[in-house]
Amino acid sequence: MKIRLIGINARYSHSCLALFYLRNALEKFLPVVKAEICQFTINDPYYSLLQRLAAGQPDCLFFSALIWNSDLVERLVTDLLSLENQLRIVVGGPQAEIVGHTCGPHGRLTIFSGDIEAADLNFFNDLQQGTLQASYRASFLQSTGRTLDYHYRDEDFDLHLRNRAIYYESSRGCPFFCSYCLSSSEKGLFHKELGQVFSELDHILSHGPETVRFVDRTFNDKTDRALNIWNYLVDRDPDTLFHFEIAPDRFTEHMFDFLAQVRPGLFQFEIGIQSTHSDTLEAIRRPVDSVAAGETIKRLRQGENIHLHADLILGLPHETEETFKDSINDICAMRPHYIQMGLLKLLPGTEIRRQAQAWGYKAAAKPPYPVLANRWMGAVTLRSLYWLGECLEQCVNNRYFLSLWHYLVSRGDDMTAFFGTLAETFHVEDYFWKAATQKTLVRLLLQQCRSRPDFSLIRELVCYDWLRCGHRFLPDPLCYQETAVDELRRDLYHRLPQEMPGLFSARERKTFIKTS
């Protein structure tokens, strides 16, 4: 039996972890099966992708359906079933049931909901005998005798993972039950034994990956366990970046002391703040002390050795325009290196999706189901805050103006007012729609700050940040000469000698003046 396992990633540097679990499960229960892993991206030309999947007359195709690729999976499933009369298709992943509903009942389409690691023998027997049912369901966290076997092989790192991030799972499940998250729909936690984790990481690191992303939903839910893994990685000290999703309220003094000694470039933390409004945190069932979370980020930031990525979500229940702006100001004051302001997504199967009507939610009908309005934020307000977030993304997360932002936050400036006004300027200048440069951003920032009493200092900070980024020459807005640049160059052309040793020869004179 010839089976093709298909992952359609958001970008080439990503990989699809589910395919490796699936490959191993198929070969464990059906040794005669030849399972081929195939990874593509959502940007691949559709017709070429369709033909590549159909080539060689596979007996069965397995798709992993997620919010960023499910529309494409639906198109492919529909066309492939029409193209190949004998082909069977199995769709798994969080969006599998949505794909099944959209594509409608079909004798050769099977929807697998849940975890392939927990599938019973009936599924594999039906697959081998060509008698697959319309749907199957399995839950790893609810199963007995749970084990998570290692999913990678030596050849994977050359065939499927070259130049891609490596995803690794040391635990499954989440201690939180956030109403907007799919993880909240299933209770339970499973942690691999540390000996297994260390053995598997040894194998991964033997292949010298650039990035390993732990997909544990809350890596530090067990603080001693997290510290043991960090200690193992520090002892190994590979030339690899490790990414962890961290709960900000689950840190001990021992962890802080240890992390202060970690070399720069080894760890990166993604920290879910989501909101600092207490009513909102209670409504989404995320009992996090925002003040303590802020202190955690500030303490971690002091060492400047761990890259800190903090998340906010726009559109959560009970979040008004005022409270969300407070959340932005609060998170700016925490000073993470990167602020991700995402839109709430009303994912099918989540509690917040079931509450959508009662809370007046309006959301896009198609994946990824971004919120458009709710009881606390009308469409106009939410749109305005969305563009404020996009402005923050383009100004802060590019790390062009670190000194400027540090100065403004240290002064206690209202950062939402600053970026809100700048976002309006971006609209007037069409900055959001253009491939605008750092030079353009310098001009717009100085334009906004020109009437401030501290404008001279701000100009110096922007100038310093510009030079810190490696530029050799200042852009026009940062030049202090009263004379226009073109006029100054004309004057230099007449006044400079024919050659100046060490600067230019007679042959190079014109080019030197033109580019200076």
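The shown structure was predicted, so the numbers you read here are calculated from the model rather than taken from an experiment.

Asks: Would you explain the overall build of the protein in this entry?
Replies: Tallying secondary structure elements over the protein gives 20 helices and 16 strands in all. The burial tally for the protein puts 49% of its 516 residues in the buried class. Taking the intrachain contacts of the protein between residues at least 6 apart in sequence as the baseline, contacts between residues at least 24 apart amount to 71%. Accessible area of the protein: about 25200 Å², with a carbon and sulfur share of 50%. Computing the positive centroid from 56 side-chain charges and the negative centroid from 64, the protein places the two 5 Å apart.

Asks: Hey, could you run me through the packing of aromatic side chains in this one?
Replies: The relation between two aromatic rings is expressed through the spacing of the ring centres and the mutual angle of the planes. What the rule picks out here adds up to 36 aromatic pairs. Measuring from ring centre to ring centre gives 6.4 Å for Phe267 and Phe269, while their planes differ by 25°; the resulting arrangement is stacked. Each member of the pair, Phe267 as well as Phe269, carries the same accessibility label: buried. Through a chain of ring-to-ring contacts, the aromatic side chains of Tyr168, Phe214, Phe219, Trp230, Phe244, Phe251, Phe256, Phe267 and Phe269 assemble into a single cluster. Taking the ring centre of Tyr46 as reference, the NZ or CZ of Arg75 above it sits at 3.7 Å. The lysine or arginine in question, Arg172, covers the ring of Phe140, its NZ or CZ lying 4.9 Å from the ring centre.

Asks: I'm lost on the pattern of salt bridges in this one. Help?
Replies: When charged atoms on two side chains of opposite charge get close, those side chains can pair. Taken as a whole, this structure holds 23 salt bridges when the rule is applied. A salt bridge links Glu429 to Arg443; the shortest N-O distance between them is 3.2 Å. Within this pair, whereas Glu429 is found in the loop between helix 16 (415–428) and helix 17 (438–449), its partner Arg443 is found in helix 17, the two being separated by 14 residues in sequence. Take Glu429: its relative accessible area is 26%, and that puts it in the partly exposed class. Overall, the relative accessible area of 34% leaves Arg443 in the partly exposed class. A cluster of three or more residues bridged by salt bridges with shared partners is formed by Asp115, Glu117, Glu169 and Arg172.

Asks: How should the sheet that holds strand 4 (residues 88–92) be read in this particular structure?
Replies: Sheet strands associate in pairs through backbone hydrogen bonding, adopting either a parallel or an antiparallel arrangement. In space, the six strands of this open sheet follow the order 2-1-3-4-5-6, with parallel pairing throughout. The sheet is open, and its two edges are formed by strand 2 (34–41) and strand 6 (135–138), each paired on a single side. Going across the sheet, the axis of each strand differs from the next one's by a mean of 20°, ignoring polarity. Note that strand 4 and strand 5 (residues 109–114) share three bridges and pair parallel. Along strand 5, the bridge assignment pairs Val91 with Ile111.

Asks: How should I be thinking about the sheet that holds strand 12 (residues 267–274) in this particular structure?
Replies: Here six strands make up an open sheet; going across it, the order is 7-10-11-12-13-14 and the pairing parallel. Every interior strand has two partners, whereas the edge strands, strand 7 (166–168) and strand 14 (338–343), have only one. Along the sheet, successive strands turn relative to each other by an average axial angle of 25°, direction set aside. Pairing between strand 12 and strand 13 (residues 307–314): six bridges, direction parallel. By the bridge assignment for strand 13, Gln268 is matched with His307. Relative to the sheet, helix 14 (residues 379–395) contacts strand 13 and strand 14, its axis offset from that of strand 14 by approximately 155°.

Asks: Sorry if this is basic, but what is going on with unusual backbone geometry here?
Replies: Residue Pro368 follows Pro367 across a cis peptide bond; omega there is 10°. Tracing the sequence through the fold places Pro368 in the loop between strand 15 (362–363) and strand 16 (371–373). For Asn163, which is not glycine, the phi dihedral falls at a positive 65°. When you line up the elements, Asn163 lands in the loop between helix 6 (156–159) and strand 7. Backbone geometry at Tyr369 places phi at a positive 60°, although glycine is not the residue there. What makes Tyr369 buried here is its relative accessible area of 4%.

Asks: Is there a simple way to think about the packing of helix 14 against helix 16 in this case?
Replies: Angle between the axes and distance between the axes are the two parameters that describe a pair of packed helices. The interhelical angle for the contact between helix 14 and helix 16, taken along N-to-C directions, is 95°, at an axis separation of 8 Å. The angle between helix 14 and helix 16 places the two elements in the roughly perpendicular class. Each of Trp387, Leu388, Cys391, Leu392 and Cys395 in helix 14 lies in contact with helix 16, whose residues at this interface are Thr416, Phe419, Gly420, Leu422, Ala423, Phe426 and His427. Of the residues in the contact of helix 14 with helix 16, the class split is nine nonpolar, three polar and no charged.

Asks: Honestly, helix 11 (residues 290–302) in this entry has me stumped. Any pointers?
Replies: Along an α-helix, a turn takes 3.6 residues, which lines up residues three or four apart on a common side. With 13 residues, helix 11 ought to run about 18 Å at 1.5 Å a step, and its terminal C-alpha atoms sit 19 Å apart, in line with that. Inspection of helix 11 places Ser290, Ala293, Gly294, Thr296, Ile297 and Leu300 among the buried residues, and these make up the whole buried set. Seen from one end, helix 11 has its buried residues packed into an arc of 155°, which puts them on one side. Set apart from the buried face of helix 11 by more than 90 degrees, the exposed residues are Val291 and Gln302. Against helix 9 (253–259), strand 12, helix 10 (278–283), strand 13 and helix 12 (321–334) lie the buried residues of helix 11. A distance of 3.0 Å separates the backbone nitrogen of Val291 from a side-chain oxygen at the start of helix 11, and that oxygen is part of Asp289. One or two steps after helix 11, the chain reaches Glu304, where phi turns positive at roughly 50°.

Asks: What's the story with the state of the cysteines in this structure? I'm lost.
Replies: Each disulfide consists of a covalent bond between the sulfur atoms of two cysteine residues. Enumeration over the complete set of coordinates arrives at zero disulfides. Here Cys332 is not disulfide-linked; the sulfur of Cys391 is the nearest cysteine sulfur, at 11 Å. Of the cysteine sulfurs around Cys449, a residue in no disulfide, the closest is that of Cys395, at 10 Å.

Definitions and limits used
Residues numbered from 1 in each chain as written. Predicted model: local features only at pLDDT ≥ 70, side-chain atom pairs only at ≥ 80, totals over all residues. Heavy atoms only, no water. Helix = DSSP H or I, 4+ residues; strand = E, 2+ residues; numbered from the N terminus. Buried < 20%, exposed > 50% of the residue type's maximum accessible area, 1.4 Å probe, protein only. Contact = heavy atoms within 4.5 Å. Areas by Shrake-Rupley, 256 points an atom, 1.4 Å probe, with all protein chains shown as cover. Lys, Arg positive; Asp, Glu negative; His and termini not counted. Charge placed at Lys NZ, Arg CZ, Asp CG, Glu CD. Phe/Tyr/Trp six-rings, centres within 6.5 Å; stacked < 30°, edge-to-face > 60°. Lys NZ or Arg CZ within 6 Å of the ring centre and 35° of its normal. Salt bridge = Lys/Arg side-chain N within 4 Å of Asp/Glu carboxyl O. Pairing = 2+ DSSP bridges. Axes fitted to C-alpha atoms, helices over the stretch in contact; angles between N-to-C directions. Parallel < 35°, antiparallel > 145°, perpendicular 65-115°, else oblique. Nonpolar A, V, L, I, M, F, W, Y, C, P; charged D, E, K, R; others polar. Expected span 1.5 Å × (residues − 1). Arc of directions from axis to C-beta. Polar contact = N/O pair within 3.5 Å; in protein donor to acceptor, adjacent residues only side chain to side chain. Disulfide = S-S within 2.5 Å.

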